[in-house]
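Chain by chain, the residues:
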Amino acid sequence: MFHFHQLTTMITPRRGRTHRPTPGMGDMVSHPAHYTMHPVFTGECHDYAKRMTFDQGNAFKYLWRCAAKGDMVENVRKALWYLNAMRTGPVLNRHGNRLPRAEVDMLATEVSNAMNGTRRKSAPQRYMAALACYSAAVHVAAGDVDDATALARHALKLIDGVE
């Protein structure tokens, strides 16, 4: 279940530092916390990304972890780079490997549940940017590159309004 304070803690800017998970909160090689202990998604990032094309999986990964590891802006820009690579790459890979509708619907429901519990007018913009990234990740999983790109760009605008 989504907890506002958990995501708020994850999206707090850390100048010059990367996210360090609490000891015992994940193996940094096999199961890093920034992929397994998500404030919105209940699955593990790798379980979804390994069934995607290379560019699609990387875009998904950077959107999934946008607020949890490293610089949020950098993660969103990297996701946009991979989304552009999907759009301009071989025709076969333009939509990636669409995950089964049931899995996409589950991811979408998890993001929707997080958004439904949010007062958008009073929520911090970095928080709303993270939710936009998570929505973009759902669109990546569905193979909707244009919608994912629009949401990632929206997330950048929200972040730029903060910094």
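None of the values given here were measured: they were computed from a predicted structure. (Residues numbered from 1 in each chain as written. Predicted model: local features only at pLDDT ≥ 70, side-chain atom pairs only at ≥ 80, totals over all residues. Heavy atoms only, no water.)

Let us now look at the packing of helix α5 (residues 72-88) against helix α7 (residues 125-142). In the contact formed by α5 and α7, the axes pass within 12 Å of each other and the chain directions differ by 25 degrees. It follows that α5 is roughly parallel to α7 by the angle criterion. Considering how the two elements wind past one another, α5 and α7 form a crossing that is left-handed. Contact residues: Met72, Val76 and Leu83 in α5; Arg126, Ala129, Ala130, Cys133 and Val140 in α7. (Axes fitted to C-alpha atoms, helices over the stretch in contact; angles between N-to-C directions. Helix = DSSP H or I, 4+ residues; strand = E, 2+ residues; numbered from the N terminus. Parallel < 35°, antiparallel > 145°, perpendicular 65-115°, else oblique. Left-handed = near helix turned anticlockwise from the far one by under 90°. Contact = heavy atoms within 4.5 Å.)

For the protein, the average pLDDT comes to 82, and 78% of its residues sit at 70 or higher. Within the model, the stretch residues 1-5 combines pLDDT values under 50 with nine contacts to residues more than four positions away or in other chains. For residues 12-23, every residue scores under 50 in pLDDT, and the model assigns this stretch nine contacts once sequence neighbours within four places are set aside. (pLDDT = per-residue confidence, 0-100.)

Looking now at helix α4 (residues 54-64). With eight of its eleven residues buried, α4 lies for the most part within the structure. For α4, every residue scored as buried is listed here: Gln56, Gly57, Asn58, Ala59, Phe60, Tyr62, Leu63 and Trp64. (Buried < 20%, exposed > 50% of the residue type's maximum accessible area, 1.4 Å probe, protein only.)

Within the element layout of this structure, Ser135 appears in helix α7. Here Ser135 falls in the buried class, since its relative accessible area comes to 11%.

Across all of its chains, the model carries five salt bridges by this definition. Linking Lys50 and Asp47 is a salt bridge whose minimum nitrogen-to-oxygen distance equals 3.8 Å. When the shortest N-O distance is used, the salt bridge between Lys78 and Glu74 registers 3.2 Å. Here Glu74 and Lys78 lie together in helix α5, a separation of four residues that amounts to about one turn. (Salt bridge = Lys/Arg side-chain N within 4 Å of Asp/Glu carboxyl O.)

Position of Ala130 among the secondary structure elements: in helix α7. For Ala130, a relative accessible area of 0% corresponds to the buried category. Note: C-alpha distance between Ala130 and Ala155 (25 residues apart in sequence) is 7.0 Å.

Time to look at the nonpolar core. Buried together is how nonpolar side chains tend to be arranged in soluble globular proteins. Membership of the largest hydrophobic core comes to 48 residues, with the highest contact counts inside it found for Phe60 and Tyr134. Elements supplying a minimum of two residues to this core: α3 (45-49), α4, α5, α6 (101-116), α7 and α8 (145-160). No other element matches α7, which puts 14 residues into this core. With sequence-adjacent residues up to four places away left out, Phe60 is seen in contact with Cys45, Tyr48, Ala49, Met52, Leu107, Ala137, Val140 and Ala141. (Core = buried A, V, L, I, M, F, W, Y, C linked by side-chain atoms within 4.5 Å.)

Here we come to the packing of α7 against α8. Two elements in contact, α7 and α8, have axes separated by 8 Å at closest approach and are oriented at 170 degrees. Here α7 is positioned roughly antiparallel relative to α8, judged by the angle of their axes. Residue-level contacts link Gln125, Arg126, Met128, Ala129, Ala132, Cys133, Ser135, Ala136, His139 and Val140 of α7 to Asp147, Ala148, Leu151, Ala152, His154, Ala155, Leu158 and Ile159 of α8. By residue class, the composition of the contact of α7 with α8 is twelve nonpolar, four polar and two charged. (Nonpolar A, V, L, I, M, F, W, Y, C, P; charged D, E, K, R; others polar.)

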